Amino acid sequence: MSAPEVGDRAPVRLLVTGDLIFSTKITGSARLLGLDVRVVSSASAALARIRSDSPQCILLDLSVSSLTPDLIREIVLAASGKPVVAFGSHVDTARLDAARAAGCTAVMPRSRFSAELPELLKQYLCDK
């Protein structure tokens, strides 16, 4: 069996989080939809993955300490117009505002992200 050609690669989706339990919830929900989500735990690993894999969507957990406003902006720019969905603590309004200012496609509290997870996965991660 030959290796798939570059054009035949399955779309990559990326989750940036350090929360193992929450990442399992997200990847498990995605798997039920037949989607593969790759997980990284730092902003630098996310940027490297975005540059190498050109994911069709990026999910950003704003609780990742390395996600500074400048790095969030850099991730949005590196995503080249692909959706970047950010979620974080409802009380951390500074990080939520920084994600909005950086140009994330959608920014929401973690509770809303969790409650709407299946719909959000279908909206942003499924092949269009």
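Now for a description of the structure that goes with this document. (Residues numbered from 1 in each chain as written. Predicted model: local features only at pLDDT ≥ 70, side-chain atom pairs only at ≥ 80, totals over all residues. Heavy atoms only, no water.)

Turning our attention to helix α2 (residues 43-53). Of all the positions in α2, only Ala43, Ala46, Leu47, Ile50 and Asp53 are classed as buried. The buried side chains of α2 occupy one side of the element, clustering within an arc of 160 degrees when seen end-on. In α2, the exposed residues that point more than 90 degrees away from the buried face are Ser44 and Arg51. Each element contacted by the buried residues of α2 is listed here: β1 (13-16), β2 (37-40), β3 (57-61) and α3 (69-78). Taken from the residues just after α2, Ser54 is the one with a positive phi, measuring 45 degrees. (Buried < 20%, exposed > 50% of the residue type's maximum accessible area, 1.4 Å probe, protein only. Helix = DSSP H or I, 4+ residues; strand = E, 2+ residues; numbered from the N terminus. Arc of directions from axis to C-beta. Contact = heavy atoms within 4.5 Å.)

Attention shifts here to the pattern of salt bridges. In this structure the tally under the stated criterion is 10 salt bridges. The shortest N-O distance in the salt bridge between Arg38 and Asp36 comes to 3.8 Å. Asp36 gets classed as partly exposed once you look at its relative accessible area, which sits at 43%. Note that Arg38 and Asp53 form a salt bridge whose closest N and O atoms lie 3.2 Å from each other. (Salt bridge = Lys/Arg side-chain N within 4 Å of Asp/Glu carboxyl O.)

What follows deals with the packing of aromatic side chains. Overall, the coordinates contain 3 aromatic pairs when judged by the stated rule. When the ring centre of Phe22 is taken as origin, the NZ or CZ atom of Arg110, which lies over that ring, is 4.5 Å away. (Phe/Tyr/Trp six-rings, centres within 6.5 Å; stacked < 30°, edge-to-face > 60°. Lys NZ or Arg CZ within 6 Å of the ring centre and 35° of its normal.)

It is worth spelling out the sheet that holds β2 at this point. Here 5 strands make up an open sheet; going across it, the order is β2-β1-β3-β4-β5 and the pairing parallel. Taken across any chain shown, the strands that pair with only one partner, and hence form the sheet edges, are β2 and β5 (106-109). With strand direction ignored, the average angle separating the axes of adjacent strands in the sheet is 20 degrees. Sheet topology note: the β1/β3 ladder contains 4 bridges and is parallel. Its bridge partner being in β3, Leu15 is matched across the sheet by Leu59. (Pairing = 2+ DSSP bridges. Axes fitted to C-alpha atoms, helices over the stretch in contact; angles between N-to-C directions.)

All right, on to the nonpolar core then. Burial of nonpolar side chains together is a common tendency in soluble globular proteins. One finds Val16, Ile58, Leu60, Leu67, Ile75 and Cys104 to be the most contacted residues of the largest nonpolar core, which totals 23 residues. Of all the secondary-structure elements, those providing two or more residues to this core are β1, α2, β3, α3, β4 (84-88) and α4 (93-102). Per element, the largest residue contribution to this core is 4 residues, and it comes from α2. Excluding residues that lie within four positions of it along the chain, Cys104 makes contacts with Leu60, Ile72, Val76, Val84, Ala86 and Ala99. Core analysis: the next-biggest nonpolar cluster, separate from the first, contains 18 residues, Phe22, Ala30, Leu117 and Leu120 among them. (Core = buried A, V, L, I, M, F, W, Y, C linked by side-chain atoms within 4.5 Å.)

Next up on the list: unusual backbone geometry. Of note, Ser54 is a non-glycine position whose phi angle comes to about 45 degrees, a positive value. With respect to the helices and strands, the residue Ser54 is situated in the loop between α2 and β3. One non-glycine residue, Ser80, lies in positive phi territory at about 50 degrees. With respect to the secondary-structure elements, Ser80 resides in the loop between α3 and β4. On the accessibility criterion, Ser80 (62% relative accessible area) is exposed.

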